[in-house]
Amino acid sequence: MDLTTRYLGLTLSNPLILGASPLGDDLDDVRRAEDSGAAGIVMHSLFEEQITMGCRPPLSDHEESFAEAVYLRPHRSEFALDPDQYLEQIRRIKDAVRIPLIASLNGVTNAGWLKYARLMDQAGADALELNVYRVATNPDESAESAERTTLEMLTAVKAQTRLPVAVKLSPFYTSLANFAQRLASAHADGLVLFNRFYQPDIDLEALEVSHRLELSSSSELPLRLRWLAILSAQLDLTYGVTGGVHSAADAIKAVMAGADGVQLVSEILKHGLYRFAEIRNDLATWLERHGYHSLAQARRSLNLSHCPDPSVYERANYLRVLASRRSTTAPPR
Ligand SMILES: Cc1cc2nc3c(=O)[nH]c(=O)nc-3n(C[C@H](O)[C@H](O)[C@H](O)COP(=O)(O)O)c2cc1C
């Protein structure tokens, strides 16, 4: 079964990619990922805060008086690799394995730290992910202004490197299709849908915010499927899926909806790197059983392109689903 796919200008032997996670920090894990059949690796991100940490003036007396300001500023020891070590890790991974390596930048401002895109390129990365992890909390900031900053960041990164750049997005945009189109116009090579936001909870006993990173489940995939289908039918970009892929069935759905690359993290953290081999085999078996000759044949086989206006399709499905629920749901008496 031909499982090859083109992702960010790279030819991958299959669509399964080890997504950004601490697993890229250990060369043994990286080798094991390749041996198990991962077709590419995304390194964990290099964070803007890490890069700017060295350049920032010390806290003022006024700032120091707020314990919170000190508490909130990340400490060097919280990051696995400092910026130089990160670049060194790119070189070491490139020496250790043959599969493509995608480096990742994670930040929110358009500033000097983005020069690391060039350094990652020089260190040997094959492509870049720009992860925009940003919660827009300021009531004075418009959606237009928030999006403009991201577009400017992308332009700054593209000016530093000729590597393909994918933007890893959250689903929280007022008009995601419009923003995606503007990213395409600013020469994004691909989109990765979607980042998972860490969601703080409240610990009722301790009466404080609890900081936990829950791993995903397949229930998070349908949101991605919907936007893969909507965007890939309209914008000619490379698409990666991240969030909620745990099985070959999940991967096939993502490919059918428009994904070129399928990233896994939670499944691998839960069950181990050998899952790449199992999922790849299950993927090939499923395609064979269903009469496909290649993965490419399955790609975008379920999209909305037959529907001239995807919003009409979305609205119609919404009404239909509510109506079907009304006839089957009766509350317990
Ligand atoms: C422990 C951990 C560390 C992560 N680190 C990063 C990171 O540095 N950069 C990034 O873009 N995403 C990071 N992610 C997000 C994952 O790459 C991925 O987008 C997310 O976990 C959803 O995919 P999944 O459902 O397969 O887990 C991290 C996720 C986990 C669980």
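Placed above this text is the structure.
Predicted, not measured: the structure shown is a model, and the values here were computed from it. (Residues numbered from 1 in each chain as written. Predicted model: local features only at pLDDT ≥ 70, side-chain atom pairs only at ≥ 80, totals over all residues. Heavy atoms only, no water.)

Q: Before we go on, may I ask you to explain the sheet that holds strand β5 (residues 101-106) in this structure?
A: Strand order in the closed barrel made by the 8 strands is β3-β4-β5-β6-β7-β8-β11-β12, with parallel pairing throughout. Strand after strand, the sheet turns through a mean of 25 degrees between neighbouring axes, direction not considered. Alignment of β5 against strand β6 (residues 127-131), held across 5 bridges, turns out to be parallel. Following the sheet pairing, A103 is matched in β6 by L128. Along the sheet face, helix α5 (residues 83-96) touches β4 (40-47) and β5 and points at about 170 degrees away from the line of β4. Its contacts with the sheet put helix α9 (residues 221-232) on β8 (190-193) and β11 (238-241), and the angle it makes with β11 is roughly 175 degrees. (Pairing = 2+ DSSP bridges. Helix = DSSP H or I, 4+ residues; strand = E, 2+ residues; numbered from the N terminus. Axes fitted to C-alpha atoms, helices over the stretch in contact; angles between N-to-C directions. Contact = heavy atoms within 4.5 Å.)

Q: I'm lost on the pairing of β11 in this one. Help?
A: Both faces of the sheet carry side chains from a regular strand, because those side chains alternate between them. Neither face of β11 is open: one carries T238 and G240, the other Y239 and V241, and all of them are buried. Here β8 pairs with β11 via 4 bridges, running parallel. By the bridge assignment, G190 is partnered in β11 with T238. Note: β11 against strand β12 (residues 261-264), 2 bridges, orientation parallel. Paired with V241 across the two strands is V262, which belongs to β12. Between the parallel elements β11 and β12, the chain passes through helix α10 (residues 248-257) in a crossover that is right-handed. (Buried < 20%, exposed > 50% of the residue type's maximum accessible area, 1.4 Å probe, protein only. Right-handed = clockwise from strand over helix to strand, strands pointing away.)

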